[in-house]
Amino acid sequence: MPRRRSLSDEQITRLRERLAADDAPSTRKLAEEFGVSAMTVSRYARMPKEEFAQVSPFEEIGLTGLTRYGGQVQEDYDVRWKTLSRMVPVVQEMLNYPIVAAVMHAIEMLMRGAEWSVQPGGEELLDEEAAEFIEGCIDDMSQSWSDHVSQATTFLPYGFAPFEIVYKRRLGPDKDPASKYDDGKIGWRKFAIRSQDTLTPGREWIFDDAGGIQAMNQTEKTGGQSVTIPIEKLILYRSTAAKNNPQGRSILRPVYFAYYFAKNLADIESITAERMGTGVPIVYMGKGTSTKGANSDISAAQKIVRDIRIDQQSGIVIPYPKQTADGTGMLFELLSPPSRGIIDFDAAIKRYNQQITQTVLAHFLFLGLTEQGTQSLAVRLTDLFADAVGAWLGTMADTLNMYAIPRLLRLNGVTGLTQFPTLQAQSVRSADVVSAMQALQFAVNAGALLPDQGVEEYVRDLLGLPERSAPIQLGSDIANQQKPGEQIADEQEPGIGEGEATKARTRRQRLERLADLAEAAFAPELDRPIK
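Definitions and limits used
Residues numbered from 1 in each chain as written. Predicted model: local features only at pLDDT ≥ 70, side-chain atom pairs only at ≥ 80, totals over all residues. Heavy atoms only, no water. Pairing = 2+ DSSP bridges. Helix = DSSP H or I, 4+ residues; strand = E, 2+ residues; numbered from the N terminus. Axes fitted to C-alpha atoms, helices over the stretch in contact; angles between N-to-C directions. Patch = residues over 30% accessible without salt bridge, like charges linked within 9 Å, V, L, I, M, F, W, Y side chains within 5 Å. Areas by Shrake-Rupley, 256 points an atom, 1.4 Å probe, with all protein chains shown as cover. Salt bridge = Lys/Arg side-chain N within 4 Å of Asp/Glu carboxyl O. Expected span 1.5 Å × (residues − 1). Buried < 20%, exposed > 50% of the residue type's maximum accessible area, 1.4 Å probe, protein only.

(A) Looking closely at the sheet that holds strand S7 (residues 213-218). Strand order across the open sheet formed by 3 strands is S6-S7-S8, with antiparallel pairing between neighbours. What marks the edges here is a single partner per strand, and that holds for strand S6 (205-207) and strand S8 (227-230). With strand direction ignored, the average angle separating the axes of adjacent strands in the sheet is 25 degrees. For S7 and S8, the ladder comprises 4 bridges, and the chain directions are antiparallel. By the bridge assignment for S8, alanine 215 is matched with proline 230.

(B) Expanded view of a nonpolar patch on the surface. Together, Phe257, Tyr260 and Phe261 make up an exposed nonpolar region whose accessible area comes to about 290 Å². Mapped onto the fold, phenylalanine 261 is located in helix H10 (residues 256-276).

(C) Summary view of the sheet that holds strand S9 (residues 234-238). Read from one edge to the other, the open sheet built from 3 strands follows the order S5-S4-S9, with strand pairing classed as antiparallel. Looking at which strands have only one partner, the edges of the open sheet turn out to be strand S5 (186-193) and S9. The average angle at which neighbouring strand axes cross in this sheet is 30 degrees, direction not considered. Where strand S4 (residues 160-169) meets S9, 5 bridges bridge the pair, whose relative direction is antiparallel. Directly across from glutamate 164, in S9, lies its bridge partner leucine 234.

(D) Quick look at helix H12 (residues 345-359). For H12, which comprises 15 residues, the first-to-last C-alpha distance of 21 Å matches the rise-based estimate of 21 Å (1.5 Å per residue) to within 8%. Where H12 is concerned, the buried positions are Phe345, Ala348, Ile349, Tyr352, Asn353, Ile356 and Thr357. Directly beyond the C-terminal end of H12, a positive phi value near 60 degrees is found at leucine 361.

(E) Up close: the pattern of salt bridges. Within the structure shown, the criterion is met by 16 salt bridges. Across the pair arginine 170 and aspartate 183 runs a salt bridge, and its minimum N-O distance is 2.5 Å. With arginine 170 in the loop between S4 and S5 and aspartate 183 in the loop between S4 and S5, the pair connects residues that are 13 residues apart, well separated along the chain. Assessed through its relative accessible area of 4%, arginine 170 is described here as buried. Residue classification places aspartate 183 among the partly exposed residues on the basis of a relative accessible area of 39%. For aspartate 197, the salt bridge is made with lysine 221, and the minimal N-O distance between the two is 2.4 Å. Here aspartate 197, found in the loop between S5 and S6, pairs with lysine 221, found in the loop between S7 and S8; they are 24 residues apart in sequence, far enough to count as distant.

(F) Just the pairing of strand S3 (residues 116-119), in detail. Of the two faces of S3, the one lined by Trp116 and Val118 is fully buried and the one lined by Ser117 and Gln119 carries no buried residue. Looking at chain direction, S3 and strand S13 (residues 422-425) are connected through 4 bridges and run antiparallel. Each residue of the ladder has a partner; that of serine 117, found in S13, is glutamine 424.

The analysis is restricted to geometry; functional conclusions fall outside its scope.
Written out as structure tokens, the structure reads:
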């Protein structure tokens, strides 16, 4: 009998029964009976009995591997970051550190300034209408989209940002809640932030058996009643979905090492300046001073040495004459510190501050302060930072496209779409005008791109120029700005062959001229040193 590569479920069950029988045949006979190799029969014979059971392909068997106890995530090894209730105060403290605050402010401003658009899921009329409906719902919320993005940026320092989706029936501006529309459809009232420090300590989340997120528990800070918000009502922005951790991972977690030392060195530097700003205090106990007892002169002198500092009310009163050559009286002196201490606090603090910015790809903040560089280097570093911010905006868009938009359309009974419409955030990177113009010029000269109305609109937008208000004569426009010795073809009425070629050539020359003007205006800045 020819041997088969696999057995059906029924055959596996029969083979298991034959192997479990007291008078089970030999491996060779079973192999011939079922048409498989002896090795296959031996493999089934070595399996524990429970492994013979067939598992449904729709059943989830494994786990995510997230370290959790009940509803509390304990993924980090550091006790300060181990649980959410301990992590939140640490993050709140870090957000007030100047360097961290500068980085987060830069991120928030870039994300708030990003332009968002809704793209249809197809080219059908129904797809266009669904996209317009989503745009209307965004514009009809009780909070601006910019405010929502600002609140959502907290998923970066905390690792996650939960929002409850609050719906409304669109019944017009005179109803409560008000709406710009009166079509009776279901829209978004708001995406309500659920602050990270309000999750119920010790049982923040509800998981299923496989580690899937089912709900979030929230308790008021003032000790109010706890509520459970199902995941279907939540938008959960996360910095990472590793292990399906609902709390993500704070981008400040790897920053903590540098922050800890920078902050503590700054504290030590301040203490040093306060205590040793003018010198080390020394008191000489001369003849006639008491050195025993709680109220002795030496006790008072020790207190003076310990408590003296440089402030608005610094001063010392000594009830003895100044110590003379024969050792009578008391003498207070300040031993001048060395001109430069053993530790250069300023260099150490700067080093750790730079590590903070490097960790979150924001080291361009120190350009011109601690190192030399060129404008082109600054452009590269800011582009890298902008790309990172763009990726975080993409994370937000993916979350909304996967959960918020489909749920809203299903609530309204929308069917028959090619695909669901999607929210997209435009790049926050500043355009490199010179490089873009040079690339356009190269493409046109190579014949890979034909200058047309779309190209002109792109160039005008790139250079920040207004839209064309009226048609212009390209030939005369070029002639007024042509270079010495430059031959410009006269603009002709487009024809079947020569006229079109002349028109394309004229537009190409105009684009080359624009590229030259842009390079002349911006190129010198690229080589300017940053001091």
